[in-house]
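Below are the chains, spelled out letter by letter.
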Amino acid sequence: MKKVLIVGLIGMLGLMMPWAIRAQEASPGASLDLNLEIVQLNEIYRGQLAEYRAAEKEFQIARDQYRQLQTLASINAVTEATREAMKLRAQVILTYMELLRVNLIAAEGVEISLKQLVIERLTVEQEWLQSHLQAIAAGTDREQFNQLADIFAGKQQGIQTVSQEAVSLLSVGKLQNVFDRLAALSEEVAASGASSSAITQSRELRETERTVAATRTSFQNLWTELNTTIREGKVAGFYDNLAKALNPVYTELNKLTSYLTELLRMR
Amino acid sequence: MSAEQFRQDQTQFIVEEPLMEKPQYPVDLSEQPTPPPVKKPRWELIIGAVLIFIIGVIGLAMMNRQEVDQATETPEQVETAADLDPLSQRLQTAQQLLREANPTTLAWPFPPVDLTLRIDEARN
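In this text, all values refer to a predicted model and were calculated from it rather than measured experimentally.

Criteria and cut-off values
Residues numbered from 1 in each chain as written. Chains lettered and ligands numbered in written order. Predicted model: local features only at pLDDT ≥ 70, side-chain atom pairs only at ≥ 80, totals over all residues. Heavy atoms only, no water. Helix = DSSP H or I, 4+ residues; strand = E, 2+ residues; numbered from the N terminus. Buried < 20%, exposed > 50% of the residue type's maximum accessible area, 1.4 Å probe, protein only. Contact = heavy atoms within 4.5 Å. Buried area = accessible area lost by both parts, 1.4 Å probe. Salt bridge = Lys/Arg side-chain N within 4 Å of Asp/Glu carboxyl O. Polar contact = N/O pair within 3.5 Å; in protein donor to acceptor, adjacent residues only side chain to side chain. Axes fitted to C-alpha atoms, helices over the stretch in contact; angles between N-to-C directions. Parallel < 35°, antiparallel > 145°, perpendicular 65-115°, else oblique. Left-handed = near helix turned anticlockwise from the far one by under 90°. Core = buried A, V, L, I, M, F, W, Y, C linked by side-chain atoms within 4.5 Å.

Visitor: Would you mind showing me how to read the overall build of chain A here?
Guide: Looking only at helices and strands, chain A features nine helices and zero strands. When its helices and strands are written in sequence order, chain A yields α-α-α-α-α-α-α-α-α. Expressed as a percentage of the 267 residues in chain A, the buried residues total 44%. Within chain A, contacts between residues at least 6 apart in sequence are counted, and of these 81% link residues at least 24 apart.

Okay, here's the thing in structure tokens:
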């Protein structure tokens, strides 16, 4: 039976070789740009999050034992488990914020002054997290870790707020980018079809122009609101209703693509 | 009596027939040579060969299918891309970006971590 297995395996390996070679040939040479950096950061983030989850379980077990036993060994165990969980938590948040920062740098359609403001805020929070990591590494006893937990608890609201600001900017920016492309396209389509009465007198062109104007106004209102909430540090309300706030614009953009598709067919 | 006459005398022949037969000795069954053992078919090798044959056939069929797919799809795709004018291509790109910007799917949720890790209960 062993012979059968060996022969079968060799046969399968032999048959798999062409596919393996083809796969290698197909992989494109990747350049070190922002998109690649985002992909790498995403991978790091996922790995760190998995490590953190395991560490958090260890921490909970160690804390339960410490609370039941109150022995020196259990105190040492919970101290080390806390150090590990806190360290990994800070690393996860740090990578998440870096992911937001790089995405913001790469984002098109985001107002520059707001982009710059939020990137600076992200950097400040990242620097704080780095110092927090150093404090965790230097921590020696249970009391120190309790203090570090209190310091983090006082800081976490600020970290979450900056993250929400970045996510809000990125979400609106993505749609703004699409709108800018569609608005420029609609102008070109109208210009290229100026000689065709079928296009100039069409309902699709009128609807396109009307939708572009309405969507532009919607975006102006969105940016004004977002600008105010970010500068006042009150983005939570906007962030919580992000989908609700962006859905009308998203619907308008979908309509715009339909009208443009029709106009392009008419040419 | 000549030899020819002897041969023609059938009565004499019938009488002498037993004397002319080859003697038959009793057969000792225990001394009979044992027949050579029948070779059993090597099932492992047969199964192995069939397995390789099947895998080979499937592999070749899949490779051919991929090639056929490529041969049939690639020209169509090239044709589609070539047929699209720059404006239509830009519209396609915008549509793709719009799908990715769907606000109902939050792209960057805050990491699901416990923000209240503490060894002892916090004193209020």
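Visitor: Would you explain the interface of chain A and chain B in this entry?
Guide: It is common to give the size of an interface as the accessible area that goes away when the parts come together. In this assembly, 68 residues from chain A lie in contact with 46 residues from chain B. At the boundary of chain A with chain B, total buried surface from both sides reaches about 5000 Å², with 67% on carbon and sulfur atoms. Remark: the boundary between chain A and chain B carries four salt bridges. In this structure, aspartate 150 of chain A and arginine 118 of chain B form a salt bridge, with 2.8 Å as the shortest nitrogen-oxygen distance. Scanning the region where chain A abuts chain B turns up 13 residue pairs in polar contact (both at pLDDT 80 or more). For the side of chain A that touches chain B, the secondary-structure elements that each account for two or more residues are α1 (2–26), α2 (34–69), α3 (72–106), α5 (142–192) and α9 (242–266) of chain A. With 25 residues, α5 of chain A is the single largest residue contributor to the side of chain A that touches chain B.

Visitor: Please clarify how the packing of helix α7 (residues 203–231) of chain A against α9 of chain A should be interpreted in this entry.
Guide: Each pair of packed helices can be summarised by the angle the axes make with each other and by the distance between the axes. Residues and elements named next belong to chain A. Relative orientation of the contacting elements α7 and α9 amounts to 155°, with a least axis distance of 9 Å. Between α7 and α9, the angle is such that the two are roughly antiparallel. Every pair of crossing elements has a handedness; the one defined by α7 and α9 is left-handed. Packed against α7, whose contacting residues are Arg203, Glu204, Leu205, Glu207, Thr208, Thr211, Val212, Thr215, Ser218, Phe219 and Leu222, the element α9 presents Ala245, Leu246, Val249, Glu252, Leu253, Leu256, Tyr259, Leu260, Glu262, Leu263 and Met266 at the interface.

Visitor: Just checking my understanding: could you explain the nonpolar core for this structure?
Guide: A general tendency of soluble globular proteins is for nonpolar side chains to be buried together. Residues and elements named next belong to chain A. Counting residues in hydrophobic clusters, the biggest one holds 80 residues, and the most contacted among them are Leu129, Leu169, Phe219 and Leu253. When residues in this core are grouped by element, the largest group, 19 residues, is from α5. Not counting chain neighbours up to four residues away, the residues in contact with phenylalanine 219 comprise Val172, Leu175, Gln176, Phe179, Val249 and Leu253.

Visitor: Looking at this model, I keep getting lost on the pattern of salt bridges. Mind explaining?
Guide: In total, this model carries twelve salt bridges over all chains according to the counting rule given. Across the pair arginine 142 of chain A and aspartate 120 of chain B runs a salt bridge whose closest N-O atoms are separated by 2.8 Å. Here arginine 142 of chain A is found in helix α5, whereas its partner aspartate 120 of chain B is found in the segment after α4 (86–100) on a different chain.

Interpretation in functional terms is not warranted from these geometric data alone.
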